[in-house]
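Coordinates in review
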Amino acid sequence: QVQLVESGGGLVQPGGSLRLSCAASGRFFRINFMGWYRQAPGKQRELVATITSDDSTNYAESVKGRFTISRDGAKSTVYLQMNSLRPEDTAVYYCNARGIYGLRTPDFDSWGQGTQVTVSS
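Because the structure is a prediction, the values reported are computed rather than measured.

Section: the overall build of the protein
Along the protein, the regular secondary structure elements total zero helices and 11 strands. Helices and strands in the protein line up, N terminus first, as β-β-β-β-β-β-β-β-β-β-β. Considering only C-alpha atoms, the protein reaches an extent of 50 × 25 × 20 Å along its principal axes. For the protein, with 121 residues in total, the buried portion stands at 44%. In the protein, the share of contacts with a sequence separation of at least 24, taken over all contacts with a separation of at least 6, comes to 55%. Charged side chains of the protein number 13 positive and 10 negative; the gap between the two group centres comes to 3 Å.

Okay, here's the thing in structure tokens:
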């Protein structure tokens, strides 16, 4: 199994910043994709940002220019730097990782437990 643990959520004022982290652990051959999703009460879970093994990134329109996704050198930890936070960014943020266990073993699709981000005055 591949485990993902998110951290860095909390309460912040509008205009403030938070940095979320997601660390992957376990035995795997390669992580091809990592991403952040969020879900606010009463809303569908939505894509926030993704990053691939070649460092290609993709962002939801609502966070472009404010959020930045990145990985560490080992490519097993993903970060989400969130600046200029707005109340509508309030949600539970989930980390997702997809990859391959090994050359002759199945793919994986793992999710973290989520971390709460609350933007409020």
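Examining the pairing of strand β11 (residues 115-119)
Burial along β11 is one-sided: the face carrying T115, V117 and V119 is buried and the face carrying Q116 and T118 is not. Bridge analysis of strand β2 (residues 10-12) against β11 gives three bridges, and the strand direction is parallel. Paired with V12 across the two strands is V119, which belongs to β11. In the sheet, strand β9 (residues 91-100) pairs with β11 via three bridges, with the strands oriented antiparallel. Directly across from A91, in β11, lies its bridge partner V117.

Topic: the side chain of R38
Inspection of the secondary structure puts R38 in strand β4 (residues 30-39). A distance of 3.4 Å separates polar atoms of two side chains, one belonging to R38 and the other to S62. Only 3.0 Å separates the side chain of R38 from the side chain of D89, close enough to count as a polar contact. Setting aside chain neighbours within four positions, we find R38 in contact with Q44, R45, E46, V48, S62, V63, F67, E88, D89, A91, V92 and Y93.

Here we look at the pattern of salt bridges
Overall, the coordinates contain six salt bridges when judged by the stated rule. Across the pair R38 and D89 runs a salt bridge whose closest N-O atoms are separated by 3.0 Å. Residue R38 is located in strand β4, and its partner D89 is located in the loop between β8 (77-82) and β9; the two are separated by 51 residues in the primary sequence. The salt bridge involving K64 is made with E61; its shortest N-O contact spans 3.3 Å. Accessibility expressed as a relative area gives 62% for E61, which makes it exposed. Linked by salt bridges that have partners in common, R38, E46, R66 and D89 make up one network.

Each value, and the rule that gives it
Residues numbered from 1 in each chain as written. Predicted model: local features only at pLDDT ≥ 70, side-chain atom pairs only at ≥ 80, totals over all residues. Heavy atoms only, no water. Helix = DSSP H or I, 4+ residues; strand = E, 2+ residues; numbered from the N terminus. Buried < 20%, exposed > 50% of the residue type's maximum accessible area, 1.4 Å probe, protein only. Contact = heavy atoms within 4.5 Å. Lys, Arg positive; Asp, Glu negative; His and termini not counted. Charge placed at Lys NZ, Arg CZ, Asp CG, Glu CD. Pairing = 2+ DSSP bridges. Polar contact = N/O pair within 3.5 Å; in protein donor to acceptor, adjacent residues only side chain to side chain. Salt bridge = Lys/Arg side-chain N within 4 Å of Asp/Glu carboxyl O.

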